[in-house]
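Summary of the model geometry
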Amino acid sequence: MTTKRRVPLDRKRVADAALHLLNEVGLEGLTLSAIGRELGVKAPALYWHFKDKQALLDEMATEMYRRMVAGTPLDPADTWQERMRKANHGLRETLRGYRDGAKVFSGSRFTGIEHAEQMEDNLRLFTAAGFTLTQAVRATATTYLYTIGFVTEEQGVEPLPDERREGYDIEERARMLAAFPLSAAAGAEIFADYERHFEEGLELVIAGIATRYGVD
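Residues numbered from 1 in each chain as written. Predicted model: local features only at pLDDT ≥ 70, side-chain atom pairs only at ≥ 80, totals over all residues. Heavy atoms only, no water.

**Overview of the overall build of the protein chain**
Looking only at helices and strands, one finds 10 helices and 0 strands in the protein chain. Along the protein chain, helices (α) and strands (β) appear in the sequence α-α-α-α-α-α-α-α-α-α when read from the amino end. Oriented by its inertia axes, the alpha-carbon framework of the protein chain measures out at about 70 × 55 × 30 Å. Long-range contacts, defined here as pairs at least 24 residues apart, represent 73% of the contacts in the protein chain between residues at least 6 apart. Once the 28 positive and 34 negative side-chain charges of the protein chain are each reduced to a mean point, those two points are 7 Å apart. (Helix = DSSP H or I, 4+ residues; strand = E, 2+ residues; numbered from the N terminus. Contact = heavy atoms within 4.5 Å. Lys, Arg positive; Asp, Glu negative; His and termini not counted. Charge placed at Lys NZ, Arg CZ, Asp CG, Glu CD.)

See the structure below:
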């Protein structure tokens, strides 16, 4: 008789299971007990690897980042505008791949230093383009916060790309706000075509950065 050898539990395996479960239950339903069941262990076993749920969220965010940058080398020929577009479109697509992805990522602390390589390259590119270090940090942080905030709101309406929450029917909203025609018409701009909405908003931020800092 043979017995199946149990795969050892480690931080990556727990984070992978948590990210998989996240798409099913969302952040609110992502308990250590639920993750334990997913892994076939009791919840206390997870405390050997994570002292609390926030520590697990930190590792999940780090794993999301690892997956985002895996196999996508930076192009040294990028302009600062091209790099900013690539980075933020990539971040949005990654976050949208997980239910409540933006909420998990926001406010989390990376558990490794993998992000430092890309950060160093970005800051080097921006300072070579004429930004001071302070300006480069402000510019990249501002677009990052724009993307995180945008996806947080986007996922409030569309938790995953193929889902839409009840209560966000644009035509129904327009009928309810019939006495306020401009507000009624604005619904199509606010709650639909998120791809275009994000693109235009990002371009506004990039144009504002160029004007503010006088960098071409």
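**Examining unusual backbone geometry**
One non-glycine residue, Asp 100, lies in the positive phi region at around 60°. A relative accessible area of 17% places Asp 100 in the buried class. Of note, the phi angle at Asp 193 is positive, near 50°, even though the residue is not glycine. Relative to the assigned elements, Asp 193 resides in the loop between helix H9 (181-190) and helix H10 (194-213). (Buried < 20%, exposed > 50% of the residue type's maximum accessible area, 1.4 Å probe, protein only.)

**Notes on the nonpolar core**
Counting residues in hydrophobic clusters, the biggest one holds 31 residues, and the most contacted among them are Leu 22, Ile 35, Leu 56, Met 60, Leu 95 and Phe 105. The element that contributes the greatest number of residues to this core is helix H3 (residues 53-69), accounting for 8 residues. Within the second largest apolar cluster, 19 residues are counted, among which are Ala 136, Phe 191, Phe 198 and Ile 209. (Core = buried A, V, L, I, M, F, W, Y, C linked by side-chain atoms within 4.5 Å.)

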